[in-house]
Amino acid sequence: MGFYTRIARPLLFKLPPETAQRLAEDLLQRRWLWGWASSVFQANDPKLRTSLAGIPLRNPIGLAAGYDKECRALSGLARLGFGYLVGGTVFPVPRAGNARPRLLRLPEQDALINALGFPSSGSIAAANNLLRVNSGGAAILVSIAALEVEDFVTVHKQLEPLVAGVELNISSPNTAGLAAFQEPSNLRDVLQGVMAQRTKPVFVKLPFGHDDASRQRVLDLVDVCLEQGADGVTAGNTLPLEEPRTATGRGGLSGRPILEDMLKTLAAIRSHAGDTFAINACGGIFTGQDAIRALQAGATTVQLFTGLVYQGPGVVKGICRELAPAFAPP
Ligand SMILES: Cc1cc2nc3c(=O)[nH]c(=O)nc-3n(C[C@H](O)[C@H](O)[C@H](O)COP(=O)(O)O)c2cc1C
């Protein structure tokens, strides 16, 4: 076991989860740590170079949306070796999110349950932070969400110039109103507005598929993405469940327990959508072996969040080391 899992993680896990997350974000903003972090955690193996809908990537490992909602720690996160980072999810206007408690650890399962409900400082604050990002070789994407079609389109227009691509989040299970965009006709409206103005790749972050019925709903949304010319999807978000320990009584499960269902949904999307559509596999990726399975099941790239919390800042380097001998860009 490394320094993080033996020493740093037990200390961090003594703190409430949101406090630990804030602390990690604060540390990642310390410029003096970046050079050290680059030298320890970067994995620049040319064998891993690839691309995502035309965006060149130094490796296919992405940071999933939600870790840096305000886009304030992306420069530090880039030093942990990610091929790309998805900042956000950014909302049009500031919002507080749901009442606390809203983030739980399940350490025996390497999992989290969150019911954050998108705390956000709004798109102007995110834009100011994105303007200052020093990406250190990682591609920067941003995730956006809104409760009205026009707001999706406005935030897309505002943030697209500052990033390499935009992920439209219609799938957080913790935000009242957002699920309306999981209705194919409503997603179509958003995509029509966004695709008419876009100049860079657009991805849709899909809800989690955990059984035949929910997977079919995911495929119906993929059909809309294909019809409207979206460049790809991220599959998927957290698994919605009831959770009496959160203030809302519900939450979204992430981490190791959702890997197998994520892989099934991913394979279904790949066989449905054909070879050229980009798919970012997200859910339960912790190791190089997990990433290899996702790529073999049809992923273009993988994204992770909970793996970073449990494995620490060396997670990308570890995945890259395992992945390199097996990797062939799609
Ligand atoms: C605390 C927390 C906050 C999250 N916030 C967002 C978010 O703002 N936007 C989003 O698209 N996904 C969000 N997610 C979902 C993750 O991006 C990812 O889809 C999910 O956690 C599954 O990946 P993982 O198992 O690697 O964590 C969040 C997840 C967690 C645990």
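Residues numbered from 1 in each chain as written. Predicted model: local features only at pLDDT ≥ 70, side-chain atom pairs only at ≥ 80, totals over all residues.

**Q** Would you take a moment to explain the overall build of the protein for this structure?
**A** In terms of helices and strands, the protein carries 12 helices and 14 strands. A compact globule built from 330 residues would reach a C-alpha radius of gyration of about 20 Å, and the protein, at 18 Å, matches this within 12%. For the protein, the C-alpha atoms occupy an extent of roughly 50 × 45 × 40 Å along the three principal directions. Within the protein, the fraction of its 330 residues that count as buried is 50%. (Helix = DSSP H or I, 4+ residues; strand = E, 2+ residues; numbered from the N terminus. Rg over C-alpha atoms; globule rule 2.2 N^0.38 Å. Buried ≥ 20, exposed ≤ 12 C-beta atoms within 10 Å, placed from the backbone.)

**Q** I'm lost on the site of the ligand in this one. Help?
**A** Close to the ligand lie 27 residues, the nearest being Ala64, Gly66, Ser254, Phe305 and Thr306. When the residues that make up the shell around the ligand are grouped by side-chain class, the tally is 11 nonpolar, 14 polar and 2 charged. (Near = placed C-beta within 6 Å. Nonpolar A, V, L, I, M, F, W, Y, C, P; charged D, E, K, R; others polar.)

**Q** What is the right way to read the sheet that holds strand 9 (residues 202-206) from this model?
**A** Strand pairing within a sheet occurs via backbone hydrogen bonds; the two strands may be parallel or antiparallel. Judged by pairing direction, the barrel is parallel, and its 8 strands sit side by side in the order 3-4-7-8-9-10-13-14 before closing back on the first. For this sheet, the mean inter-axis angle between neighbouring strands, taken without regard to orientation, is 25°. Inspection of the sheet shows strand 13 (residues 278-282) paired to strand 14 (residues 301-304) by 3 bridges, in the parallel sense. By the bridge assignment for strand 14, alanine 281 is matched with valine 302. Against the sheet, helix 5 (residues 123-131) touches strand 4 (84-90) and strand 7 (139-144), its axis set at about 155° to strand 4. (Pairing = 2+ DSSP bridges. Axes fitted to C-alpha atoms, helices over the stretch in contact; angles between N-to-C directions. Contact = placed C-beta atoms within 7 Å.)

**Q** What exactly am I supposed to notice about the nonpolar core here?
**A** Looking at soluble globular proteins, one finds that nonpolar side chains tend to be buried together. If you look at the biggest cluster of nonpolar residues, it comprises 99 residues, and the most contacted ones within it are Phe82, Leu85, Leu141, Val142, Ile144 and Ala281. Residues contacting leucine 141, with those up to four places away along its chain left out, are Tyr84, Leu85, Val86, Val163, Ala164, Gly165, Val166 and Glu167. (Core = buried A, V, L, I, M, F, W, Y, C linked by C-beta atoms within 7 Å.)

**Q** Just to check I follow, could you spell out helix 5 for this structure?
**A** Quick reminder: α-helices carry 3.6 residues per turn. Residues three or four places apart thus point the same way. Turning to helix 5, its buried residues number three or more, namely Ser123, Ala126, Asn129 and Leu130. Taken end-on, helix 5 shows its buried residues confined to a sector of 120°, consistent with a single buried face. Check the buried side of helix 5 and you find it contacts strand 4, strand 7 and helix 6 (149-159). (Arc of directions from axis to C-beta.)

**Q** Can you help me understand the sheet that holds strand 6 (residues 111-114) in this one?
**A** Judged by pairing direction, the sheet is antiparallel, and its 4 strands sit side by side in the order 5-6-12-11 without closing on themselves. With one partner strand each, in any of the chains shown, strand 5 (103-106) and strand 11 (239-242) form the two edges of the open sheet. Averaged over all pairs of adjacent strands, the angle between their axes in this sheet comes to 30°, without regard to strand direction. Sheet analysis places strand 11 next to strand 12 (residues 250-255), joined by 4 bridges and oriented antiparallel. By the bridge assignment, glutamate 242 is partnered in strand 12 with arginine 250.

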